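# A structural walkthrough
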Amino acid sequence: MEDLELLNNTFELYMKKGKEAKEKGKYALAKRNFLLAGETMMKIAKISQGKLKEARLDRARRIVELSERMETSTQEKKKNEGQCEEDDDVKKWQQAEIPNIHFDDVAGLDDVKKAIKIRMINPVLYPDKYKLYNKKTGGGVLLYGPPGTGKTMIAKAIACEVGAKFYAVKGSDIVSKWVGESEKNINSLFAEANKQDRAIIFIDEMDSLLGKRGVDTHNDKRVNEFLQQMDGFAGRNPNLLLLGATNRPWDIDSAATRSGRFSQKIYIPLPDAKARKFMIEKNMKNVPVAKDFDVDKIVDATEMYSGADLDELCDRAKDEPLLKAIETDKIVEVTNKDFDNVLKVFPPSVTLKELKQFEDYNKDVESLLKKKK
Ligand SMILES: Nc1ncnc2c1ncn2[C@@H]1O[C@H](COP(=O)(O)OP(=O)(O)OP(=O)(O)O)[C@@H](O)[C@H]1O
Ligand SMILES: [Mg+2]
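Description of the structure in this document. (Residues numbered from 1 in each chain as written. Chains lettered and ligands numbered in written order. Predicted model: local features only at pLDDT ≥ 70, side-chain atom pairs only at ≥ 80, totals over all residues. Heavy atoms only, no water.)

### Overview of helix α16 (residues 336-345)
- Residues N336, D338, F339, V342 and L343 constitute the buried set of α16. The buried residues of α16 occupy one face: seen down the axis, they fall within an arc of 155°. Seen from the buried face of α16, the exposed residues on the opposite side, beyond 90 degrees, are K337, K344 and V345.
- Buried residues belonging to α16 abut α12 (273-284), α13 (295-301), α14 (307-317) and α15 (319-328). (Buried < 20%, exposed > 50% of the residue type's maximum accessible area, 1.4 Å probe, protein only. Helix = DSSP H or I, 4+ residues; strand = E, 2+ residues; numbered from the N terminus. Arc of directions from axis to C-beta. Contact = heavy atoms within 4.5 Å.)

### Focus on the packing of aromatic side chains
- Enumeration over the complete set of coordinates arrives at eight aromatic pairs.
- Measuring from centroid to centroid gives 5.7 Å for F293 and F339, while their planes differ by 45°, and the two rings are tilted. One end of the pair, F293, is in the loop between α12 and α13; the other, F339, is in helix α16, and 46 residues separate them in sequence.
- The exposure class of F339 is buried, given its relative accessible area of 0%.
- An aromatic cluster is built from Y144, W250, Y267, F358 and Y361, whose rings are joined through pairwise contacts.
- The positively charged end of R316 is found above the aromatic ring belonging to F346, 4.5 Å away from the centroid. (Phe/Tyr/Trp six-rings, centres within 6.5 Å; stacked < 30°, edge-to-face > 60°. Lys NZ or Arg CZ within 6 Å of the ring centre and 35° of its normal.)

### So, the site of ligand 1
- Looking at ligand 1, there are 16 residues lining it, with A107, G148, K151, T152 and D311 nearest.
- In this structure, a nitrogen atom belonging to ligand 1 sits 2.8 Å away from a main-chain N or O atom of A107.
- About the coverage of ligand 1: the protein hides 75% of its 640 Å² of free accessible area.
- Elements that contribute at least two residues to the shell around ligand 1 include exactly α8 (151-162) and α14.
- Taken together, the residues of the shell around ligand 1 sort by class into seven nonpolar, six polar and three charged. (Near = heavy atom within 4 Å. Polar contact = N/O pair within 3.5 Å; in protein donor to acceptor, adjacent residues only side chain to side chain. Areas by Shrake-Rupley, 256 points an atom, 1.4 Å probe, with all protein chains shown as cover. Nonpolar A, V, L, I, M, F, W, Y, C, P; charged D, E, K, R; others polar.)

### Observations concerning a negative patch on the surface
- The grouping of D311, D315, D319, E320 and E327 at the surface amounts to a negative patch.
- Where the negative patch is concerned, the elements lending two or more residues are α14 and α15.
- Locating E320 in the fold gives a position in helix α15. (Patch = residues over 30% accessible without salt bridge, like charges linked within 9 Å, V, L, I, M, F, W, Y side chains within 5 Å. Salt bridge = Lys/Arg side-chain N within 4 Å of Asp/Glu carboxyl O. Lys, Arg positive; Asp, Glu negative; His and termini not counted. Charge placed at Lys NZ, Arg CZ, Asp CG, Glu CD.)

### Focus on the side chain of Q196
- Looking at the element boundaries, Q196 is found in the loop between α9 (171-195) and β3 (199-204).
- A residue is classified by how much of its surface remains accessible, and Q196, at 19% relative accessible area, is buried.
- Excluding residues that lie within four positions of it along the chain, Q196 makes contacts with K165 and Y167.

### Topic: the pattern of salt bridges
- Inspection of the entire model under this criterion finds eight salt bridges.
- Put simply, D253 and R213 hold a salt bridge, and the shortest N to O gap is 3.1 Å. A residue pair is termed long-range when its members are at least 10 positions apart, and D253 in the loop between β4 (240-246) and β5 (264-267) and R213 in the loop between α10 (206-209) and α11 (217-234) qualify at 40 residues.
- Given the relative accessible area of 7%, D253 is considered buried.
- Judged by relative accessible area, which is 34%, R213 ranks as partly exposed.

### Comments concerning the environment of V141
- When you line up the elements, V141 lands in strand β1 (residues 140-144).
- Looking at V141, the relative accessible area reads 1%, which means it is buried.
- With 22 residues separating them in the primary sequence, V141 and R119 have C-alpha atoms 8.4 Å apart.
- Look past the residues within four positions of V141 in its chain and what remains in contact with it is R119, M120, L242, L243, G244, F262, Q264 and I266.

### Quick notes on the packing of helix α1 (residues 4-23) against helix α2 (residues 27-46)
- Relative to each other, α1 and α2 sit at 160°, their axes nearing to 8 Å. One finds that α1 runs roughly antiparallel with respect to α2. Crossing geometry of α1 relative to α2 is assigned as left-handed. Contact residues: α1 offers L4, L7, N8, T10, F11, Y14, M15, K17, G18, K19, A21 and K22, while α2 offers Y27, L29, A30, N33, F34, L36, A37, T40, M41, K43 and I44. (Axes fitted to C-alpha atoms, helices over the stretch in contact; angles between N-to-C directions. Parallel < 35°, antiparallel > 145°, perpendicular 65-115°, else oblique. Left-handed = near helix turned anticlockwise from the far one by under 90°.)

### Here we look at the pairing of β1
- A large share of β1 lies buried, amounting to five of its five residues.
- Both β1 and β4 contribute to a ladder of five bridges, which runs parallel. By the bridge assignment for β4, L143 is matched with A245.
- Looking at chain direction, β1 and β5 are connected through four bridges and run parallel. Looking at the pairing, L143 lines up with I266 of β5. (Pairing = 2+ DSSP bridges.)

### Some details on the sheet that holds β1
- With parallel pairing, the five strands of this open sheet are ordered in space as β2-β3-β4-β1-β5. Of all the strands in the sheet, just β2 (165-170) and β5 have a single pairing partner and so form its edges. Going from strand to strand, the sheet's axes swing by 20° on average, the running direction of each strand aside.
- Of the strands in this sheet, β1, β4 and β5 are in contact with helix α6 (residues 110-125), which crosses β5 at around 140°.
- Here α8 sits on the sheet and contacts β1, β2, β3 and β4; the angle it forms with β3, its principal contact strand, is near 170°.

Structural data, given as C-alpha cells:
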C-alpha cells in the first residue's frame, strides 16, 4: 500500500501546478498536471473505505474531466474560463435557503423536540429571556441514530422554525476536497453563514469529517483545523447554529464533542408505535383505502421499521391497486392485504445487531450524563 501522506502531498503538488499553469494560460501544461492529480486522487480513493472512497473517486473523475477541458487554442480560452472551476461550493453556499419543513411534520420524538427547543430554538427566538436567566447558548448539537429516522428532517425543521438559512454539507464531501482546497471552502462556508441574520450549518456524516485522531495524520490535521474554525466562528454568533448528524457516533473524535462544541448528543431512535401511526396515516392521507383498512395492524407489524422504511412501505403498497386502477379505469382501494404482501418481501433496513449497537452507545452516553449530575 502506498503511503497516504505521500500520495496526498503529490496530489496537492499536481493540483497547484495545474492551477498555476491554467492561470498563466498554459493549458497543455495545466492539462497534464490535472491529469496526474486525477490519477493520484484515484490511487488515494483505492486505499480509502466506504463513503470516503466514493467521494474521492468522484473527485478524481471531476479532476480528469477538468483536465479534458483544458484546451490549448486561444479561441477556447474564454469558454474554459467560465467552465473550469472545480469547486463551486462558494456559489452553492450563497444559494442556501430556509427549508419548508415544520416541527409538526416530524413524527414522534417529543423529548428530542423539547431538548432542541431549549437548546437551539428558544435562545434564538427569546434572547432576552436567556440573558435574564444567564443561560449558556451557542455550541453545537450532534444528532445520532440509525439511518432514516429523521435526523436530516429535524435539522431542516429547526432551520424553518427559527427562519434560518440552511447550509448542508456532507463530511465525506469535505474530506475528499480537504487536500489542498477544502480549508478554503470550509472557511467560506462559515464566513457566508456568519453573514446571515440566522443560519444553521448542518454537517451530515460527521464521522467522516471528525474521525478519531491518531491513525492518519491528514485526518488529525483536518480535525484540528475544523475545530479551530468552529471555535472561532460559532461561539461568537448566537444566531449561527451548528448541527451534526451521524450513524456512527462511536467513530467521532472526543475533542469534537467537548464542551462548547458538539457537546449535546441527542439520540434519534426508531419510531415508536404512535410515531409510526402518524407517518402511515400521513402517507395514506387522501389515498383511496378500503373501508375496513386498519392502520393499527400495520403499526403492530412494523416494530423495527424506520421512517424512511415506512415511506417506502406505503409507496410500494400502492403499486398493485394503482396498476389495477389503470387496467380497469376504476378506483381500486388499498387494503391491509396490499401492505401484508409488501411486508413479506420488505424487511426493516436496520438490523437487530445494529440497533443494539446504538442502544448500548446510548446507555453509555446517559450513564456519563448521570455521573456528571
Ligand atoms: N420522525 C419522522 N417523521 C416524519 N417522517 C420521517 C421521520 N423519520 C423519517 N421520516 C421520513 O423518512 C425520510 C428520511 O428521513 P431523514 O433523511 O431525515 O433520515 P436520516 O435520519 O437523516 O437518515 P440518514 O442517517 O440515512 O441520513 C424523510 O424524508 C421522511 O419522509
Ligand atoms: Mg440524513
